[in-house]
Amino acid sequence: MNIMKPSTDSPTARIKVLCAVGIVLMLVLAALSLMVGKYPLSLEKLFSGDKMHRRVFLTLRLSRTAVGLVGGFALGAAGFVYQTVFRNPLASPDIIGVSSGASAGAAAGILFLTGSAAVTASSFMGAVAAVALALGLAGLDRSAKKGTIVLAGIAVHSLAQTALMCLKLTADPERELSSIEYWIMGSLNGVSADAVYGNLIMCLLCLAALFFLSRQILLLAQEEGEARTLGVNVGLLRLIVLLIATLTVAGIISLTGLISFVGLLAPHGARMLSKNNRTGTMLLSGILGAVILLAADILARSAAKTELPVSIFTSLVGAPFLIALLARGRNGYGQL
């Protein structure tokens, strides 16, 4: 007797189910994130109007959870874009210097400015300046090959790392240097409610633009000759997409510091689960990114007596995953 296969066997239905499950998990973690911490909250006291509960909820937990939710989604979706555009399973924002530029900018802000909002702005400007320089250098090559962008990114990364080392040498070892190192390790602990919402709005607008361009992004995963025969201006489109993805990442890491592996793990996890590389997979990458970052942040604030950098927990998952990826000796878990 023949039994019909369930509709979830189709790629579209499979992705819909996975996204629905991921959204539920993401919302559960977001609700947990609002309540968990050194000062645990309860719904009863929140609804009864307890002043301390309301203050902690509105000034600390709400902004921190929003950054974990939107930031994780942004890192996951941007990681998908980088890997697709470069057709490289190990591609990340480091490829064109955004992370190193943000680090140098944050270090300068810690040394020469005051206030967390100023450090956030300085980090964001450092990331944008690094990317603008990398894309400007790549634009000097009229062929607009993706290899040129990678080489320009390596050069800018080296310059930013040199600037960061020079700034560290001038920092006060007991105060400023430790702040720089803590920022580089990444944490949601220092998220300021004053600086959060502008960055998050920019990230949401950039994410909307990336999903609007999702079909074109997937065309960039094809051979350049094939994309050109379909009428795609490969060089210009690649620059636009990379710039938008980089602004998305810069808006988050300027708030949180460097967060390792989320942009690498989430796209691979989405491809492993969905078994394809399409717009729905990009959405699933964002959802998985939010799940990973929210879970890591909950552990960072509850696993020890003191607040731990969130990258410790993302790296505990990401490093073995990267080793397994390299050991397989193939183009990632799921072809790009």
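Heads up: the structure comes first, above all this text.
Because the structure is predicted, anything quoted here is derived from the model rather than measured.

Let us look at the overall build of the protein chain. Counting secondary structure elements, the protein chain contains 14 helices and 0 strands. Along the chain direction, N to C, the helices and strands of the protein chain fall in the order α-α-α-α-α-α-α-α-α-α-α-α-α-α. Relative to the compact-globule value of 20 Å for 336 residues, the protein chain shows a C-alpha radius of gyration of 21 Å, a close match. Dimensions of the protein chain, computed from C-alpha atoms along their principal axes, come out at roughly 65 × 60 × 35 Å. Burial status across the protein chain gives 50% buried among its 336 residues. The distance from the centre of the 26 positive side-chain charges to the centre of the 15 negative ones in the protein chain is 9 Å.

Let us now look at the environment of Asp 172. In this fold, Asp 172 is placed in the loop between helix H6 (146-170) and helix H7 (176-185). Asp 172 sits 61 residues away from Leu 111 along the chain, and the two C-alpha atoms are 8.7 Å apart.

Turning our attention to the packing of aromatic side chains. In the structure shown here, the tally under the stated rule is 1 aromatic pair. Considering the side-chain rings of Phe 73 and Phe 211, the 6.2 Å spacing of their centres and the 40 degrees angle between planes classify their relative orientation as tilted. With a gap of 138 residues between them, Phe 73 in helix H3 (residues 51-86) and Phe 211 in helix H8 (residues 193-212) connect regions that are remote in the sequence. The exposure class assigned to Phe 73 is buried, which follows from its relative accessible area of 16%.

The backbone of Phe 261 sits at a positive phi, close to 75 degrees, despite the residue not being glycine. Turning to its location among the elements, Phe 261 is positioned in the loop between helix H11 (234-256) and helix H12 (262-274).

On the surface, Leu 133, Leu 137, Leu 140 and Leu 159 cluster together to form a nonpolar patch covering roughly 400 Å² of accessible area. According to the relative accessible area criterion, Leu 140 is exposed, its value standing at 68%.

Turning our eyes to something else, we now look at the pattern of salt bridges. Counted by the stated rule, this structure contains 5 salt bridges. Between Arg 64 and Asp 297 there is a salt bridge whose closest N-O contact spans 2.7 Å. Placement of the pair is Arg 64 in helix H3 and Asp 297 in helix H13 (residues 279-302), with a sequence separation of 233 residues. This pair shows no difference in class: Arg 64 is buried, exactly as Asp 297 is. A salt bridge links Glu 307 to Arg 64; the nearest nitrogen and oxygen atoms lie 2.3 Å apart. Taken together, the residues Glu 307 in the loop between H13 and helix H14 (310-328) and Arg 64 in helix H3 connect sequence positions 243 residues apart. A residue is classified by how much of its surface remains accessible, and Arg 64, at 10% relative accessible area, is buried.

Quick look at the environment of Leu 177 now. You can see Leu 177 is positioned in helix H7. Classification of Leu 177 by relative accessible area gives partly exposed; the value is 24%. Discounting chain neighbours no more than four positions away, the residues touching Leu 177 are Lys 168, Ala 171 and Asp 172.

What follows covers the packing of H12 against H13. Direction vectors running N to C along H12 and H13 enclose 125 degrees, while the axes themselves pass 8 Å from each other. In terms of their interaxial angle, H12 and H13 are classed as oblique. Considering only the axes of H12 and H13, their crossing is right-handed. Where H12 approaches H13, its residues Val 262, Leu 265, Ala 266, Pro 267, Gly 269, Ala 270, Arg 271, Leu 273 and Ser 274 are matched on the opposing element by Thr 281, Leu 284, Ser 285, Leu 288, Gly 289 and Ile 292. Classifying every residue of the contact of H12 with H13 by side-chain character gives 9 nonpolar, 5 polar and 1 charged.

Between H3 and H13, whose axes approach to 7 Å, the crossing angle comes to 140 degrees. Relative to H13, the element H3 lies oblique. At the point where H3 passes H13, the crossing takes the right-handed sense. In terms of residue class, the contact of H3 with H13 is built from 12 nonpolar, 9 polar and 4 charged.

Scoring rules and cut-offs
All residue numbers refer to position in the chain's written sequence, counted from 1. With the structure being a predicted model, the display of local features is reserved for residues of pLDDT at least 70 and the display and counting of side-chain atom pairs for 80 or more, all residues being used for whole-chain, interface and lining totals. Computation of side-chain values covers all heavy atoms of the structure but excludes hydrogens and water. A run of DSSP states H or I qualifies as a helix once it reaches four residues; a run of E qualifies as a strand once it reaches two. Both are numbered from the N-terminal end. In this treatment the radius of gyration is a C-alpha quantity, and the globule benchmark scales as 2.2 Å times the residue count to the 0.38 power. Buried residues are those whose accessible area, probed at 1.4 Å on protein chains only, stays under 20% of the maximum for their type, while exposed residues exceed 50% and partly exposed ones sit between those limits. Note on charges: Lys and Arg go in the positive column, Asp and Glu in the negative column, and His and the chain ends are not counted at all. Note that the charge is assigned to NZ on lysines, CZ on arginines, CG on aspartates and CD on glutamates. Aromatic contacts are taken between Phe, Tyr and Trp rings whose centres are within 6.5 Å, Trp giving its six-membered ring; a plane angle under 30 degrees counts as stacked, one over 60 as edge-to-face, and the others as tilted. Patches here: salt-bridge-free residues with over 30% relative accessible area, like charges joined within 9 Å, nonpolar side chains (Val, Leu, Ile, Met, Phe, Trp, Tyr) joined within 5 Å. A 1.4 Å probe and the Shrake-Rupley method give the accessible areas. Residues count as covered only by the protein chains that appear here. Any carboxyl oxygen of Asp or Glu within 4 Å of a side-chain nitrogen of Lys or Arg constitutes a salt bridge here. Any two residues having at least one pair of non-hydrogen atoms within 4.5 Å are treated as being in contact. Axes here mean lines fitted to C-alpha atoms, for a helix over just the part in contact, with angles spanning 0 to 180 degrees between N-to-C directions. To sort the angles, those under 35 degrees are grouped as roughly parallel, those over 145 as roughly antiparallel, those from 65 to 115 as roughly perpendicular, and the leftovers as oblique. A crossing counts as left-handed when the near helix is turned anticlockwise from the far one by less than a right angle, and as right-handed when that turn is clockwise. Classification used: nonpolar for Ala, Val, Leu, Ile, Met, Phe, Trp, Tyr, Cys and Pro, charged for Asp, Glu, Lys and Arg, polar for all others including Gly.

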